[in-house]
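Observations on the model geometry
This is what each chain is made of:
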Amino acid sequence: MEHTVKQGDSVMSVAFHYGHYWETIWNHPNNSELKALRKNPNILYPGDTLFIPEKRQKQVDAPVDALHQFKVKSVPAKLKVRFLKRGEPRANLPYALEIDGERSEGNTDGAGWIIKTIKPDAKQAKVDFGGGEVFEMKLGHLDPIDTLSGLQARLANLGIWEGAVDGQMTDEFRAALKAYQKKRGLAESGDGDAPTQQKVEEEYGS
């Protein structure tokens, strides 16, 4: 069967829904073209199509009239987000983290990272540093780098673009791209060309 990707889907969340390991779907030959196009199983685009194979049955020999225990292996995902201020890591900073309503507390590490095991189908995250400083995230909503919305989202998260993440090439976004390109020593095309995409992806980490 086939699954049409919706906003917020990832290979992990789709696999979790259908009862598969994510590698089973991502590495299936029927998904080879999509894998080559997207490269990252966590970054899909609405309208992409994933082939979902049938689940295989596993037979186990066991004696009768005995109690048997079977363990199902879970495949958790990870939230990995880094916080900077003026380019410097926000290290060892206390925070409260809420994932789909479940709350936990901790400190950022020495490089400003929060790394947390989450459910594969988690949708919302909120990081509260106190004093009214709250960051909200929609998990799985990052579009591919070769889309305008994906480029806008990454530049917004890097603090470079303050406009809408709507996939529209406005004069304001073109000016922001030119400023970014100039600062990074790139050709000031004002377009989301391949060198610009590569640089943004390198700085963003995905």
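If you're wondering where the values come from, they're calculated on a predicted model, not measured in any experiment.

**Remarks on helix 6 (residues 194-204)**
Looking only at helix 6, the buried set comprises T196, Q197 and V200. For helix 6, the angular spread of buried residues about the axis comes to 100 degrees, placing them on one side. Exposed and facing more than 90 degrees away from the buried side of helix 6 are A194, Q198 and E202. Looking at the packing, one finds that the buried side of helix 6 touches helix 4 (148-157) and helix 5 (171-183). One or two steps after helix 6, the chain reaches G205, where phi turns positive at roughly 100 degrees.

**Topic: the layout of surface pockets**
Quantified by volume, the largest pocket comes out at close to 1,900 Å³. Those elements that place two or more of their residues in the lining of the largest pocket are helix 1 (11-18), strand 3 (77-82), strand 4 (84-85), strand 8 (113-118), strand 10 (134-138), helix 4 and helix 6. Sorting elements by how many residues they give to the lining of the largest pocket places strand 3 first, with six residues. Its residues placed into classes, the lining of the largest pocket shows 20 nonpolar, 14 polar and 14 charged.

**Here's the deal with the sheet that holds strand 10**
An order of 7-6-9-10 is seen for the four strands of this open sheet, with the pairing classed as antiparallel. Every interior strand has two partners, whereas the edge strands, strand 7 (102-107) and strand 10, have only one. Adjacent strand axes in the sheet meet at a mean angle of 20 degrees, parallel and antiparallel pairs treated alike. When strand 6 (residues 94-99) meets strand 9 (residues 124-128), the two strands line up antiparallel, connected through four bridges. Pairing of A96 across the sheet is with D128, part of strand 9.

**As for the nonpolar core**
Counting 28 residues, the largest nonpolar core has L50, L79 and V127 as the members making the most contacts within it. Of all the elements in the fold, those that place two or more residues in this core are helix 1, helix 2 (22-26), strand 3, strand 6, strand 8 and strand 9. Among the elements that line this core, the one with the most residues is helix 1, at five residues. The residues touching L79, leaving out its near neighbours within four places in the chain, are L97, I99, I114, I115, K116, I118, A125 and L139. One finds I145, L151, L155 and L177 within the second-largest nonpolar core, a separate group that totals nine residues.

**Details of the packing of aromatic side chains**
Inspection of the entire model under this criterion finds four aromatic pairs. Measuring from centroid to centroid gives 5.9 Å for F129 and F135, while their planes differ by 80 degrees, and the two rings are edge-to-face. Taking the relative accessible area as the measure of exposure, F135 reaches 32% and is therefore partly exposed. An angle of 65 degrees between the planes, with centres 5.0 Å apart, marks the rings of W161 and F173 as edge-to-face. Here F173 lies in helix 5 and W161 lies in the loop between helix 4 and helix 5, a separation of 12 residues in the sequence. Take W161 and F173: they sit in the same class, and that class is buried. Within the aromatic cluster, the residues linked to one another by ring pairs are F83, F129 and F135. In this arrangement the basic side chain of K80 is found over the ring face of W113, its NZ or CZ atom lying 5.0 Å from the centre.

What counts, and at which threshold
- Residues numbered from 1 in each chain as written.
- Predicted model: local features only at pLDDT ≥ 70, side-chain atom pairs only at ≥ 80, totals over all residues.
- Heavy atoms only, no water.
- Buried < 20%, exposed > 50% of the residue type's maximum accessible area, 1.4 Å probe, protein only.
- Helix = DSSP H or I, 4+ residues; strand = E, 2+ residues; numbered from the N terminus.
- Arc of directions from axis to C-beta.
- Contact = heavy atoms within 4.5 Å.
- 1 Å grid on protein atoms, 1.4 Å probe; cavity = no way out; pocket = protein on both sides within 12 Å on 5 of 7 lines; lining within 4 Å.
- Points joined across faces, edges and corners; volume = space filled by probe spheres on them.
- Nonpolar A, V, L, I, M, F, W, Y, C, P; charged D, E, K, R; others polar.
- Pairing = 2+ DSSP bridges.
- Axes fitted to C-alpha atoms, helices over the stretch in contact; angles between N-to-C directions.
- Core = buried A, V, L, I, M, F, W, Y, C linked by side-chain atoms within 4.5 Å.
- Phe/Tyr/Trp six-rings, centres within 6.5 Å; stacked < 30°, edge-to-face > 60°.
- Lys NZ or Arg CZ within 6 Å of the ring centre and 35° of its normal.

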